[in-house]
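Notes for the structure review
So you can see what is in the structure, the chains are spelled out below.
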Amino acid sequence: MLEGLEATEIPWSVLNDELRYEAEFFQKKYLLEDSELSTLSKTTIGAFAAVTDGPHGYHIVDEHSRIAMLTAKCARDWFSDRTPAETIAASVDLANKRSSLAENDIILSTRGTVGMCALVTKEALPANIDQDVARISWADKEGIRPEFVIAYLNSKFGQDRIKRYASGMVQQGLSLQKVGDIPIPLLSSAAQKAVALVVQAALQCRRDAARSIDTAETTLLQTLGLDNWQPLEPQSYVRNSVDAFTTGRLDAEYFQPKYAKLIELIESTGQASPLANLLHTNQRGKQPEYSESGLPVVNSKHVINGEVRVDADNRYATSSDSSLLIEPGDVLINGTGVGTIGRAAPYLHPFKAIPDNHVTILRPHKGSIDPVYLAVFLNSLAGQLQVNQRFRGSSGQIELYPNDIAQFSIWVAPENIQAQVRQSVEASFQAKQRATQLLDAAKRAVEIAIEDSEAAALAYLEGVNP
């Protein structure tokens with residue numbers, strides 16, 4: 001009857017200072033990790049670093065500022081990302097210098113999605129953090145290397161420690177004191193350096209990937225003549241009521257002159273086509289039936305500009321013979337949500353996946369248009385202006401429906417241009433995949449050093465070849 005269940009007996013005398021006695025806290029894997037760490041020399045984050053959070057309450061947003069306010073979603077994947085961040089007034093940063101970030105700081109989410117952490121890169125600066133993020137900063141980056149610390153925090157030892165000590169019912173939280181109490185094993189300088197070199201190589205791969213994506217979009221915009229194009233923004237304009245009734249739209253945004261000018265420019269190439277004419281499939285997914293196994297589910301947060309992310313973050317679901325599946329070579333575009341709507345990416349993974357009900361699959365007719373090129377076009381100024389024109393709804397919930405996507409005007413570039421764009425995107429994808437492999441290796445090396453020995457970790461990293 002109790003087969004498969006886990007039981008742990010803990011004497012009252014060894015309870016932690018907080019007298020935590022819930023079963024979750026004493027899982028066997030946590031106790032094993034405690035035992036493995038107990039054999040090593042170690043310190044705590046608070047012993048060598050300053051730990052602080054960002055300003056609480058309202059902060060002044062300034063669209064013309066360069067100072068980003070990094071939130072938990074900016075710390076998702078090893079390296080800081082300012083793309084989702086708002087920019088704040090310089091006065092906010094000046095009044096909160098304790099949380100103003102510097103290169104090689106570490107940021108860690110302390111509320112909601114607790115434990116997401118990232119190394120602060122120069123590309124994210126200047127930046128500050130909000131109240132749900134901890135800044136971990138220290139001076140001696142040679143004695144304790146930040147690349148090693150981020151690898152440890154992303155390892156099972158770091159993540160399990162954070163998960164174990166987070167508290168709260170509806171929303172989990174980790175106090176700054178608990179961040180400071182996280183133990184850090186004091187590996188030798190040689191072991192830390194070896195891990196650091198792998199993390200640095202992964203960061204370079206990410207940078208190479210970003211440059212390749214920029215090259216792809218620049219190639220497209222320059223050839224189309226949009227690289228220096230400035231859309232018109234008149235304060236007022238007039239449209240015939242017939243136009244409104246024909247399109248079924250009464251909102252002024254839809255009829256802004258810049259949209260008509262864009263379509264005019266695309267059509268002037270003589271190589272324009274409604275997207276509907278290029279597609280075999282233009283269909284949203286459905287709410288999946290989640291399960292412990294099956295195919296990975298792709299939702300809107302996995303569709304990033306130029307990349308469909310499939311990793312440990314994806315859930316799984318079952319599919320039937322009639323299920324709409326994502327296939328290699330498809331283009332995915334997000335259909336809902338402020339900040340995510342209209343983001344597109346080619347699906348370059350070699351296996352099928354399941355779209356949720358916020359993701360639309362675009363599958364071109366064979367030979368009509370290169371799907372990788374199509375994704376870059378949709379993410380470019382030419383595509384995003386059409387997204388902005390055609391989405392429906394208000395700030396509470398905006399939608400981009402397949403029948404609206406079908407009306408996009410697409411520049412079907414000459415084959416050599418499409419090939420150049422594809423080459424750049426494929427190079428970006430390969431660089432990102434390599435970065436993921438390197439980061440997994442850095443994390444695993446830290447775990448091997450704790451579970452076995454530094455010698456074993458160094459031997460493992462010799463085969464990684466960063």
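The structure we're discussing is the one just above.
Residues numbered from 1 in each chain as written. Predicted model: local features only at pLDDT ≥ 70, side-chain atom pairs only at ≥ 80, totals over all residues. Heavy atoms only, no water.

Remarks on the packing of helix α4 (residues 146-154) against helix α13 (residues 415-451)
The contact between α4 and α13 brings their axes to 8 Å, and the two run at 80°. Here α4 lies roughly perpendicular to α13, going by the angle between them. Residues Phe148, Ala151, Tyr152 and Asn154 of α4 form the contact with α13, whose own contacting residues are Ala442, Lys443, Val446 and Ile450. The residue inventory of the contact of α4 with α13, partitioned by class, reads six nonpolar, one polar and one charged. (Axes fitted to C-alpha atoms, helices over the stretch in contact; angles between N-to-C directions. Helix = DSSP H or I, 4+ residues; strand = E, 2+ residues; numbered from the N terminus. Parallel < 35°, antiparallel > 145°, perpendicular 65-115°, else oblique. Contact = heavy atoms within 4.5 Å. Nonpolar A, V, L, I, M, F, W, Y, C, P; charged D, E, K, R; others polar.)

Topic: the sheet that holds strand β17 (residues 316-318)
Sheet strands pair via backbone hydrogen bonds, and the direction of the pair is either parallel or antiparallel. Strand order in the open sheet formed by four strands is β13-β17-β14-β20, with mixed pairing between adjacent strands. Single-partner strands in this sheet number two, and they are β13 (289-291) and β20 (354-355). Where β13 meets β17, three bridges bridge the pair, whose relative direction is antiparallel. The residue bridging Tyr290 from the neighbouring strand is Ala317, located in β17. (Pairing = 2+ DSSP bridges.)

A look at the layout of surface pockets
The computed volume of the second largest pocket comes to approximately 300 Å³. Forming the walls of the second largest pocket are 15 residues, and the residues nearest its centre are Lys286, Gln287, Ser320, Ser323 and Leu324. Looking at the lining of the second largest pocket, the elements that each hand over two or more residues are β12 (279-284) and β20. Tallied by class, residues from the lining of the second largest pocket come to four nonpolar, eight polar and three charged. (1 Å grid on protein atoms, 1.4 Å probe; cavity = no way out; pocket = protein on both sides within 12 Å on 5 of 7 lines; lining within 4 Å. Points joined across faces, edges and corners; volume = space filled by probe spheres on them.)

Points about the environment of Phe26
Counting through the fold element by element, Phe26 comes out in the segment before α1 (28-38). Residues Phe26 and Arg164, spaced 138 residues apart in sequence, show a C-alpha to C-alpha distance of 8.7 Å.

A few points about the sheet that holds strand β21 (residues 359-364)
Here four strands make up an open sheet; going across it, the order is β12-β21-β18-β19 and the pairing antiparallel. Across the chains shown, the open sheet's two edge strands, defined by having one partner strand only, are β12 and β19 (344-346). Averaged over all pairs of adjacent strands, the angle between their axes in this sheet comes to 20°, without regard to strand direction. Strand direction decides the pairing type here: strand β18 (residues 331-334) and β19, joined by three bridges, are antiparallel. Each bridged residue has a counterpart across the sheet, and for Leu332 the counterpart in β19 is Ala345. Contacts from helix α10 (residues 371-379) reach β12, β18, β19 and β21, with the element oriented near 165° to β19.

Here's the deal with the pattern of salt bridges
Within this structure, the stated rule accounts for 23 salt bridges. When the shortest N-O distance is used, the salt bridge between Glu307 and Lys432 registers 3.2 Å. Taken together, the residues span a long stretch of sequence, with Glu307 in strand β16 (residues 307-308) and Lys432 in helix α13 at a distance of 125 residues. Since its relative accessible area comes to 13%, Glu307 is described here as buried. Here the salt bridges do not stand alone but share partners, grouping Lys156, Arg444, Glu447 and Glu451 into one network. (Salt bridge = Lys/Arg side-chain N within 4 Å of Asp/Glu carboxyl O. Buried < 20%, exposed > 50% of the residue type's maximum accessible area, 1.4 Å probe, protein only.)

Let's talk about the side chain of Ser409
Its place among the elements puts Ser409 in strand β24 (residues 409-411). Among the residues examined, Ser409 registers a relative accessible area of 8% and is labelled buried. The residues touching Ser409, leaving out its near neighbours within four places in the chain, are Ile263, Ile266, Glu267, Ala272, Ser273, Phe377 and Gln386.

Here's the deal with the packing of aromatic side chains
A full pass over the atoms with the stated rule returns four aromatic pairs. With 6.4 Å between their ring centres and 40° between their planes, Tyr373 and Phe377 make a pair best called tilted. In this pair, Tyr373 and Phe377 both sit in helix α10, four residues apart, roughly one turn of the helix. Relative accessible area serves as the criterion here: at 0%, Phe377 is assigned to the buried category. Between Tyr373 and Trp411, the ring centres sit 6.5 Å apart and the planes meet at 65°, which makes this aromatic pair edge-to-face. Placement of Tyr373 in helix α10 and of Trp411 in strand β24 is noted, with a sequence separation of 38 residues between them. The same class applies to Tyr373 and to Trp411, which are both buried. (Phe/Tyr/Trp six-rings, centres within 6.5 Å; stacked < 30°, edge-to-face > 60°.)

Things to note about unusual backbone geometry
Here the amide bond leading from Leu125 into Pro126 is cis, since omega sits at 0°, within 30 degrees of zero. Positionally, Pro126 belongs in the loop between β7 (117-119) and β8 (127-129). Notably, Trp78 is not glycine yet its phi reads approximately 75°, a positive angle. Looking at Trp78, the relative accessible area reads 7%, which means it is buried.

Focus: empty space enclosed by the protein
Enumeration according to the criterion identifies one cavity of 30 Å³ or more in this entry. Lining of the largest cavity is provided by Leu187, Ala191, Ala194, Val195, Ala445, Ala449, Ala457, Leu458 and Leu461. Of all elements in the fold, only α7 (189-224), α13 and α14 (454-462) reach the threshold of two or more residues within the lining of the largest cavity. Residue composition of the lining of the largest cavity, grouped by class: nine nonpolar, no polar and no charged.

Just geometry here; none of it tells us what the structure is for.
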